[in-house]
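Listed here are the chains, written in short residue letters.
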Amino acid sequence: MMEAQWTPTPCPRPPSVVFLLMATSCTWLLPVTAPQRVPIDPQAAPEYAHSIRLDGDIVLGGLFPVHSRGDRGTPCGDLKKEKGIHRLEAMMFAVDLINKDPELLPNITLGARILDTCSRDTYALEQSLTFVQALIERDGSDVRCANGDPPIFTKPDKIVGVIGAAASSVSIMVANILRLFKIPQISYASTAPELSDNTRYDFFSRVVPPDSYQAQAMMDIVTAMEWSYVSTLASEGNYGESGVEAFVQISRETGGVCIAQSLKIPREPRKGEFDKIIRRLLETSNARAVIMFANEDDIREVLDAAKKNNQTGHFLWVGSDSWGSKIAPVIGQEREAEGAITILPKRASIDAFDRYFRSRSLSNNRRNVWFAEFWEENFNCKLGMHGKRPGSLKKCTGLEKVGRDSSYEQEGKVQFVMDAVYAMAHALHRMHRDLCYGYPGLCPRMASSIDGKELLSYIRAVNFNGSAGTPVVFNENGDAPGRYDIFQYQITNRSTAEYRVIGSWINKLHLNVEAMRWKKGDPSLPPSVCSIPCRAGERKKVVKGVPCCWHCERCEGYHFQASEFTCELCPYEKRPDANRTGCVPIPIIKLEWHSPWAVFPVFISMLGIIATSFVIVTFVRHNDTPIVRASGREMSYVLLTGIFLCYAITFLMIAAPDVGVCSFRRIFLGLGMCFSYAALLTKTNRIHRIFEQGKKSVTAPRFISPASQLAITFSLISVQLLGVFVWFAVDPPHTVVDYGEQRTQNPTSARGVLKCDISDLSLICSLGYSILLMVTCTVYAIKTRGVPETFNEAKPIGFTMYTTCIIWLAFIPIFFGTSQSAERMYIQTTTLTISLSLSASVSLGMLYMPKVYVILFHPEQNVPKRKRSFKAIVTAATMSGKLSQKGDRPNGEVKTELCESMETNSDSWHK
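Parameters at a glance
- Residues numbered from 1 in each chain as written.
- Predicted model: local features only at pLDDT ≥ 70, side-chain atom pairs only at ≥ 80, totals over all residues.
- Heavy atoms only, no water.
- Buried < 20%, exposed > 50% of the residue type's maximum accessible area, 1.4 Å probe, protein only.
- Helix = DSSP H or I, 4+ residues; strand = E, 2+ residues; numbered from the N terminus.
- Arc of directions from axis to C-beta.
- Contact = heavy atoms within 4.5 Å.
- Pairing = 2+ DSSP bridges.
- pLDDT = per-residue confidence, 0-100.
- Axes fitted to C-alpha atoms, helices over the stretch in contact; angles between N-to-C directions.
- Phe/Tyr/Trp six-rings, centres within 6.5 Å; stacked < 30°, edge-to-face > 60°.
- Lys NZ or Arg CZ within 6 Å of the ring centre and 35° of its normal.
- Disulfide = S-S within 2.5 Å.
- Salt bridge = Lys/Arg side-chain N within 4 Å of Asp/Glu carboxyl O.
- Core = buried A, V, L, I, M, F, W, Y, C linked by side-chain atoms within 4.5 Å.
- Patch = residues over 30% accessible without salt bridge, like charges linked within 9 Å, V, L, I, M, F, W, Y side chains within 5 Å.
- Areas by Shrake-Rupley, 256 points an atom, 1.4 Å probe, with all protein chains shown as cover.

J.: What is the right way to look at helix α23 (residues 849-857) in this model?
T.: In an α-helix, one turn spans 3.6 residues, which is why side chains three or four residues apart end up on the same side. Residues of α23 that are buried: K851, V852, V854 and I855. Looking straight down α23, one finds that the buried residues subtend no more than 160 degrees of arc, so they occupy a single side. On the buried face of α23, the contacting elements are α15 (596-621), α16 (626-630) and α22 (824-847).

Following this line, the structure appears as structure tokens:
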């Protein structure tokens, strides 16, 4: 009976796969058998679109990228020696080891059905439908052989589990159909985070960690390198896009790393596409670090584009496990790849596989239908006239040896392929132990049907040491734990390039930064930042929408850097430190004795005190002489005391402020002037009253005796003292530090001024009474200006008051006009003390220096005269005034006589 082929017309379908069958014709139900039994049309399907079949009690499926993607509509391209042949040989080698192991699945033989995915998801889906054929019921009622007999169908292999696929996009496509038929799947290379979704890919597991771990490891590397501004580059497809998406998501969650650009390499890139990508990356040239989730072909093209655009050494590549430690992407482009940091799941070379693979030959490996093609590719020769390699190549002898006549290096995923096969075997072993305990071989419960869901639970529970000695376990999503080696592509001093291990990542990063080398062997870390860090005292003004880009703004004035992003105002009594990272107390100053603002007033004051003391001593020694008596001894001593106090107040104004000094300042500030002008006012008032009274009668006015004059003077002084005591009661004296007086725009020049708590208003009030006395005295001096100049002191007192008024009129604008000056304390203190000293000097010079001169140098004029009555004195004075107006002046004796007579008569009236 001839073997019938299944035709698409009468295909009954389970509802769950209707959507798949709409995309593909019913021809996928065609049973795929050994190559020699299936007629192949070379135009319809290439020769390599075969499968490997190993018989066994339990058959596992295998999906491997034996060939690359084809061009121009062909499904498959060139052979992949490492990713394809090495990996599928690793599966067959693992199956052989398990079948020889008496402890693992004893009396049970594992078989395999291995298919080529051609690195294309749609083609892989087509091929993987082979795995579910045994689960589809076939209706042959409408099918007849040529002789009219019913057909005999070849029973397809029942696949209990699938090893693969490699690419994440292929695994996703295949997982969608395998889950419908509850066939567990274990991948050895698919790392897309999307596959961790246990609700969509519940029958999918993998022995490699997902890219979410890889993305975290790459993020930790970027953070350790202090790169805050990076770009991402992904190959179109689940692997690249999911990897970049995971990286971007982690960057958002953790912060500190910004994505400058996220670029995608098309699945079918056009000419010039990679040059365009390089130009796009250069638009954000500060983002030198480029995170790459791309296949090795795209990686090579990107490096070549960087070379053509003269960007060698500019980019800092951070490659995923698709780059790993592969030589193919960097051959001929070592300088462009120099410094690249790559990541690869921890793995080890399996020595037993090396021995196995090196021993493979055309004669002992006929089960691998692609091995002849590998042989031609590997040894660059041609197998007879039907060989697949065109051209006039040498013929293969069949005696070539792998590793001897060709280079050989174990492909990186061999370990994981073997671990995936062993994981499936351990799960089947435990399932057999539970369901067929004590039964040799397959018991009926497992022979008839193996429940895929039950097998999945055993797969997720496995825990054994894999081919490299590392534990093989799965979490609840079917993911393996993250264990990575970190490499850097370095060019040594001998100009040889190699991948060097610089760290590892097992849940956290362990990086040997000292072992890293960059362009020309430079060990310093290259930057990849949008903005350079702000200096101390500068705040970051973040660019809207790009938290890693900012402008630096210096904290100005009295502001300091409170945080990375804010400046705050220092407390009023503080100023920013030199770095503007904190506040320090503002220095406190006071008027120092050695300051030029103090030296000059003190000098004038000392001269004044000496002069005043000399006058007092002179007057005391000549106390009973006519001139001293004529001056009014008691009032002269009061006036001299006031002058002395005016000089002495300078020392209190310059002394360091404290409570005692402030108290004395309040008392003596206006007291010296009060003493002086109270005495002068009393004198001028007395003269005015005498002459006014003399015009009316011969009787003397009241209260012109020395005692009366003293009483009047001290009554006026007591008003000043009363005001001071009230001031003491209302506002007790204390010191203050005025930070506003010298609060300049430049904080480094700011000073706090230690001074007494005497405001400008208080100062005016304190001096106001004395100024009132001074003005009143000036008024009386004006009124007595008609008194003959030979009589007493009316004219000198007038001149004294006029000059004093001029001094204080000049003082007011100087004092208050400098209230906003930074030198306010110095100017106002100096102005006040000099004004007081000048006022005292005017009084001393005009009222007493002439008398001292007469007493000391003309004693002959300081003699007593005959005494006359009050009326005679007034009459003589009046006549003297008239004579003065005519130009005939009496001799100097008249004045002395008048003065003596007034003093004597005053004494007699007092008596």
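J.: Honestly, the pairing of strand β5 (residues 110-116) in this entry has me stumped. Any pointers?
T.: A regular strand places its side chains so that they alternate between the two faces of the sheet. Extensive coverage of β5 is indicated by the burial of 7 of its 7 residues. Neither face of β5 is open: one carries L110, A112, I114 and D116, the other G111, R113 and L115, and all of them are buried. In terms of strand pairing, strand β1 (residues 51-54) meets β5 through 4 bridges, oriented antiparallel. Opposite R53, over in β5, you have R113 as the bridge partner. Bridge count between strand β2 (residues 58-64) and β5: 7 bridges; the pairing is parallel. Bridged to L60 within β5 is A112.

J.: Whenever I open this one, the confidence of the model for the protein confuses me. Can you help?
T.: Residues shown with low pLDDT carry predicted positions that ought not to be read at fine detail. Across the protein, pLDDT averages 82, with 84% of residues at or above 70. Predicted confidence for residues 1-49 stays below pLDDT 50, and this span has 74 contacts to residues more than four positions away or in other chains.

J.: I tried to follow the sheet that holds β2 on my own but got confused; where do I start?
T.: Strands in a sheet are paired, the pairing made by backbone hydrogen bonds, and the direction either parallel or antiparallel. The 6 strands are arranged β1-β5-β2-β6-β7-β8 in an open sheet whose pairing can be described as mixed. Of all the strands in the sheet, the pair left with one neighbour each is β1 and β8 (204-206). When strand polarity is set aside, the average angle formed by the axes of neighbouring strands in this sheet is 20 degrees. Pairing analysis gives 3 bridges linking strand β7 (residues 185-187) to β8, with the strands arranged parallel. Its bridge partner being in β8, S187 is matched across the sheet by R206.

J.: Would you mind showing me how to read the environment of Q311 here?
T.: You can see Q311 is positioned in the loop between α8 (296-308) and β12 (316-319). Residue Q311 is classed as buried on the basis of its relative accessible area of 18%.

J.: Would you take a moment to explain unusual backbone geometry for this structure?
T.: Across the chain, the bulk of peptide bonds are trans and the bulk of non-glycine residues have phi less than zero. Between G164 and A165 the backbone carries a cis peptide bond, its omega angle lying at 0 degrees. With respect to the helices, strands and loops of the structure, A165 is situated in the loop between β6 (159-163) and α4 (168-178). The phi angle at E226 is positive, at roughly 60 degrees, despite the residue not being glycine. You can see E226 is positioned in the loop between α5 (211-224) and β9 (229-235). Look at E226 and you get exposed, because its relative accessible area is 63%. At R580, a residue that is not glycine, the phi angle is positive and equals roughly 60 degrees. Structurally, R580 can be placed in the loop between β23 (574-576) and β24 (583-585).

J.: Whenever I open this one, the packing of aromatic side chains confuses me. Can you help?
T.: For any two aromatic rings, the description comes down to two numbers: the centre-to-centre distance and the angle of the planes. Under the criterion given, the structure shown has 22 aromatic pairs. Geometrically, the ring pair formed by F371 and F374 is tilted, given 5.4 Å between the ring centres and 35 degrees between the ring planes. On the criterion of helical spacing, the pair formed by F371 and F374 is a turn pair, its members being 3 residues apart in helix α11 (residues 371-379). Residues F371 and F374 agree in their burial class; the two are buried. Connected via pairs of aromatic rings, a cluster forms that spans F93, F353, Y356, F357, F371, F374, W375, F379 and Y408. The ring of Y558 carries R743 above its face, with NZ or CZ at 3.9 Å from the centroid. The ring of Y848 carries K851 above its face, with NZ or CZ at 5.9 Å from the centroid.

J.: In this structure, what is going on with the state of the cysteines? I would like to understand it.
T.: Disulfide: a covalent bond connecting the sulfur atoms of a pair of cysteines. Under the criterion given, the structure shown has 9 disulfides. One disulfide bridge connects C555 with C567, the sulfur atoms lying 1.8 Å from each other. Across the S-S bond of C555 and C567 the torsion is about -70 degrees, and the bridge reads as left-handed. Linking C555 in the loop between β20 (546-554) and β21 (559-561) with C567 in strand β22 (residues 567-569), this pair joins segments that are 12 residues apart in sequence. Bridging C570 to C583, the disulfide has an S-S length of 2.0 Å. Of note, the bridge from C570 to C583 carries an S-S torsion of about -85 degrees and is left-handed in sense.

J.: Even after reading the chapter, I still don't get the pattern of salt bridges, so can you show me in this structure?
T.: Two side chains carrying opposite charge are able to pair once their charged atoms lie near each other. Per the counting criterion, the structure on display carries 22 salt bridges. With a shortest N-O distance of 2.7 Å, K346 and D485 are connected by a salt bridge. Taken as a pair, K346 in the loop between β13 (341-345) and α10 (351-358) and D485 in strand β16 (residues 484-491) lie far apart in primary sequence, 139 residues in all. Classification of K346 as partly exposed rests on a relative accessible area of 27%. Residue D485 is classed as buried on the basis of its relative accessible area of 14%. Across the pair E564 and K540 runs a salt bridge, and its minimum N-O distance is 2.2 Å. With E564 in the loop between β21 and β22 and K540 in strand β19 (residues 538-543), this pair connects stretches of sequence that are 24 residues apart. One continuous salt-bridge network, built from bridges that share partners, spans K83, E296 and K326.

J.: Any chance you could explain the nonpolar core here in plain terms?
T.: Among soluble globular proteins, nonpolar side chains are generally buried collectively. Of all hydrophobic cores here, the largest spans 68 residues; its most connected members are L88, M91, L110, I186, Y188, F353 and L428. In terms of residue count, helix α12 (residues 414-435) provides more of this core than any other element does, 14 residues in total. With 49 residues, the next largest nonpolar core counts I609, F619, C805 and W808 among its residues.

J.: Got a minute to help me understand the environment of P481 in this structure?
T.: Within the secondary structure, P481 sits in the loop between β15 (471-472) and β16. When the C-alpha atoms of P481 and P345 are compared, they prove to be 9.9 Å apart, with 136 residues separating the residues in sequence. Not counting residues within four places of it along the chain, the set of residues in contact with P481 comprises P209, Y213 and V473.

J.: Can you help me understand a nonpolar patch on the surface in this one?
T.: A cluster of nonpolar side chains, F614, Y853, L856 and F857, forms an exposed patch at the surface whose accessible area comes to about 430 Å². Of all the elements, α23 adds the most residues to the nonpolar patch, at 3 residues. Mapped onto the elements of the fold, L856 is located in helix α23.

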